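Spelled out from the first residue to the last, the chains are:
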Amino acid sequence: MKLGFDNEKYQSIQSEHIRERISQFDGKLYLELGGKLFDDHHASRVLPGFLPDSKLQMFQKLSDSIEIVIVISAADIEKNKLRADLGITYDEDVLRLRGEFQNRGFLVGSVVITHYNGQPAATAFKQRLERDGIKTYCHYLIEGYPHNVQLIASPEGFGKNDYVKTSRPLVIVTAPGPGSGKMAVCLSQLYNEHQHGIRAGYAKFETFPVWNLPLKHPVNIAYEAATADLNDVNMIDPFHLEAYNKIAINYNRDIEIYPVLNALFEGIYGANPYKSPTDMGVNMVGFCISDDEVCSNASKDEIIRRYYDATNKMAAGACNEAEINKIQLLFNQAKITTDFRRTTAAAKEHQKQTGHTSAAIELEDGTIITAHSSMLLGCSAALLLNVTKHLAGIDHERNLIPQSMIEPIQHTKISYLGGHNPRLHTDEVLVALSVLSENDDYCLRALQQLPKLRGCQVHCTVMLGEVDQKIFKKLGINITCEPVLKK
């Protein structure tokens, strides 16, 4: 798709900026990592050209200086908290993250269990980690955190926490998800490093909101849409404005906690090196946008995508009316409706014309391809066939998969597997094309078009099943669906 972000420039200036921040302290910086270090698909959608692992690639330039500490809350272990996107518990994700980082050549020094007060499940997880030779530390609940600064910055507060031993100048503190206690670990380490005679630094690395874009820029509005379930609100940083007479964008939670952080820094060091929450950040994304219009349009598409995600969750039974209402307000700020996304309007129009559930895809050159369901194929499966035929220059009237092959598959689905929907799904169509491609050049040519679909936009007028959703995700297609359950 059209690019609006200079990824090479980003990796260069971001790594240099982090080096500069390390040098401001005694060669030791604790970097709280907000968001995802890899698989950052939100950033890649709103900043076309930003790769999902851009941050990881950037850190690989600094890998010899980096040590990673993974944080998990004992409360999350105790309640078996799940990562919704992966379907695994936070404790299992700690092991997954550790393996992913190590496979990429990073040193994972330790795991910190926060909010620990002897919970049985957390203790068992700690023992499991230690049996595997993984250094594990515990940080404890502090009464009155984060407002009781006098207690927190004392031997009875941070001083009771295990001192996490690290060996490299840049310590990245990350976690499976929000609320794990990353910031508290960083601040605890500052206190305990100070007790060991080291003036360590703290910085925060979050991509969004982008501090040097306008408050109502679509990229920043898209961040609010992405966090509508958390009710995050982008705001002008009042501390930054007072200190520098310059506008910078931050969000409510960082602005609200800043006075407490300021007091903690003063309690640990006697002074705070940062005059605003924005000062604490190291994000350079805003300097690497190469085409503002491309990023703005992509962000508007993302706001719409988030709206459909929320309405689909409600259709499936979630109680998230507040989330939907917030995104609808963001539509007004971005001056869009769902029809801004061309595939949304095209799919709904195609359904109106055919009377069948429909789907539409927008290609790189702006071409819109549509399809609808039939007795043989679901609309998403028909769309894959239509678009690959278009890209391969195959006559639309040519049937790539003969009916004589489809009908036995339908018979098996209904008669032997107990299914209710005889139509072929996307995975079944791709398998059929793969089998036929051995002897059919048309099928082979159609399959070879699949990589061209990465980054394309798709909309369906019915909620797709899990299988179809996963196929589109694997193909790198951004899909939305009307909140209509299949009958």
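Notes on the structure in this doc start here. Bear in mind that the values here come from a model prediction, so they are computed numbers and not experimental data.

**Quick notes on helix α18 (residues 426-436)**
If you check which residues of α18 are buried, you get T426, V429, L430, A432, L433 and L436. An end-on view of α18 places all buried positions within 160 degrees of arc, on one side of the element. Of the exposed residues in α18, those oriented more than 90 degrees away from the buried face are V431 and V435. Of the surrounding elements, those touching the buried residues of α18 are α16 (379-392), α17 (403-416), α19 (441-447) and α20 (466-474).

**Some words on the side chain of Q457**
On the secondary structure map, Q457 appears in strand β13 (residues 457-460). For Q457, a relative accessible area of 12% corresponds to the buried category. A polar contact of 2.9 Å, which involves the side chain of Q457, links it to the side chain of R341. Those residues within four positions of Q457 in sequence are excluded, and the remaining contacts are D301, R341, T343, A360, I361, E362 and N478.

**A few points about the packing of α16 against α18**
α18 packs onto α16 with a crossing angle of 35 degrees between their chain directions and a minimal axis gap of 8 Å. Between α16 and α18, the contacting residues are S380, A381, L384 and L385 on the first element and T426, V429, L430 and L433 on the second. Classifying every residue of the contact of α16 with α18 gives six nonpolar, two polar and no charged.

**A short note on the packing of helix α9 (residues 218-226) against helix α13 (residues 292-315)**
Contact pair α9 / α13: the axes reach a minimum separation of 8 Å and the direction vectors enclose 20 degrees. Taken together, α9 and α13 sit at an angle that is classed as roughly parallel. Between α9 and α13 the crossing geometry is left-handed. Together, P218, V219, I221, A222, A225 and A226 of α9 and C295, S296, S299, K300, E302, I303 and R306 of α13 make up the contact between the two elements. Classifying every residue of the contact of α9 with α13 gives eight nonpolar, two polar and three charged.

Criteria and thresholds
Residues numbered from 1 in each chain as written. Predicted model: local features only at pLDDT ≥ 70, side-chain atom pairs only at ≥ 80, totals over all residues. Heavy atoms only, no water. Buried < 20%, exposed > 50% of the residue type's maximum accessible area, 1.4 Å probe, protein only. Helix = DSSP H or I, 4+ residues; strand = E, 2+ residues; numbered from the N terminus. Arc of directions from axis to C-beta. Contact = heavy atoms within 4.5 Å. Polar contact = N/O pair within 3.5 Å; in protein donor to acceptor, adjacent residues only side chain to side chain. Axes fitted to C-alpha atoms, helices over the stretch in contact; angles between N-to-C directions. Nonpolar A, V, L, I, M, F, W, Y, C, P; charged D, E, K, R; others polar. Parallel < 35°, antiparallel > 145°, perpendicular 65-115°, else oblique. Left-handed = near helix turned anticlockwise from the far one by under 90°.

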